[in-house]
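Residues per chain, in single letters:
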Amino acid sequence: MARTPSGKGTVVRMWRWRSNPLRRHSDVIEAWIVLVTWTLAVVFGLLAGVVAARAVGTGLSAQAARAHAVPAVLTVDAPSPPAAVGGSGGERVWAAVRWTTSDGTVHAGKAKVLPGAPAGTRVTVWTDRTDHVVPAPMTGTQATLEAALAGALVASSAGAAVWAAGRVARTRLDRRRMAEWDAEWQQVGPQWGNLSGGRG
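Figured I'd write up the structure that's included with this text. The structure presented is a predicted model; accordingly, all values stated were derived computationally and were not measured.

1. Comments concerning the side chain of T101
Then, in step 1: Tracing the backbone shows T101 in the loop between β2 (93-100) and β3 (106-113).
Then, in step 2: Among all residues touching T101, those that are not within four sequence positions of it are H107 and D131.

Structure follows, in structure tokens:
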């Protein structure tokens, strides 16, 4: 099997940039569209991903700063998980709890606790500045992972959007190129037929 000479593939891919008699103006435009599209897709995707990751990280940090842990007690027995669920051990259930703030005010609410815990069990709940129960904030690792996933999703979406816009531009350019070829053939076709004795 014949081997392709080194560098030949690069020459084939770069023909739109080289001056040659077969290159048309639309070929140069297409080359620029491809270059700009991929450049913007990478740059815009990375920037959008970084901005999204920072925004999510800042939001999670602010959420964690607003929540604080308080000791509470169950006021009723926590329900057991339904038999159909099978009780995986990590599942938590909602139960009524009561806690006292630093100023001596007693508050009551519902929080997620281990199933089957009897009334009087001491639990830890997370509350906001208005003493309402809120979900436990994410740990540092969980918040970092959440921000990274959000950044990756936004980056890929932004890059795909830019690539799709470039693809639309290339499709329109192809239609214009075909229309130009049709117009040229309308002029050259009759001459070609005359040269071939009417058999072309």
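2. As for unusual backbone geometry
Then, in step 1: Phi at D131 is positive, roughly 60°, even though this residue is not glycine.
Then, in step 2: Structurally, D131 can be placed in the loop between β4 (122-127) and β5 (133-134).
Then, in step 3: By relative accessible area, D131 is classed as partly exposed at 23%.

3. Looking at the pairing of β2
Then, in step 1: Side-chain alternation along β2 places V93, A95, V97 and W99 on a buried face and W94, A96, R98 and T100 on a face that remains uncovered.
Then, in step 2: One ladder, built from 2 bridges, connects strand β1 (residues 68-74) with β2; its direction is antiparallel. Among the inter-strand pairings, V73 is bridged to a residue of β2, identified as R98.
Then, in step 3: Sheet topology places β2 next to β3; 8 bridges connect them, and they run antiparallel.

4. Details of helix α2 (residues 25-66)
Then, in step 1: Taking 1.5 Å per residue as the helical rise, α2 with its 42 residues ought to reach 62 Å, and the 60 Å between its terminal C-alpha atoms agrees with that figure.
Then, in step 2: Of all the residues in α2, the buried ones are S26, D27, E30, A31, I33, T37, A41, G45, A48, G49, A52 and L60.

5. Some remarks on the pattern of salt bridges
Then, in step 1: Summed over the entire model, instances satisfying the criterion amount to 3 salt bridges.
Then, in step 2: Across the pair R170 and E30 runs a salt bridge, and its minimum N-O distance is 2.9 Å. Remark: E30 occurs in helix α2 and R170 occurs in helix α3 (residues 140-195); sequence separation between them is 140 residues.
Then, in step 3: Residue classification places R170 among the partly exposed residues on the basis of a relative accessible area of 25%.
Then, in step 4: Judged by relative accessible area, which is 4%, E30 ranks as buried.
Then, in step 5: Linked by salt bridges that have partners in common, E30, R170, D174 and R177 make up one network.

Each value, and the rule that gives it
- Residues numbered from 1 in each chain as written.
- Predicted model: local features only at pLDDT ≥ 70, side-chain atom pairs only at ≥ 80, totals over all residues.
- Heavy atoms only, no water.
- Helix = DSSP H or I, 4+ residues; strand = E, 2+ residues; numbered from the N terminus.
- Contact = heavy atoms within 4.5 Å.
- Buried < 20%, exposed > 50% of the residue type's maximum accessible area, 1.4 Å probe, protein only.
- Pairing = 2+ DSSP bridges.
- Expected span 1.5 Å × (residues − 1).
- Salt bridge = Lys/Arg side-chain N within 4 Å of Asp/Glu carboxyl O.

Functional significance is not addressed by these values, which are geometric in nature.
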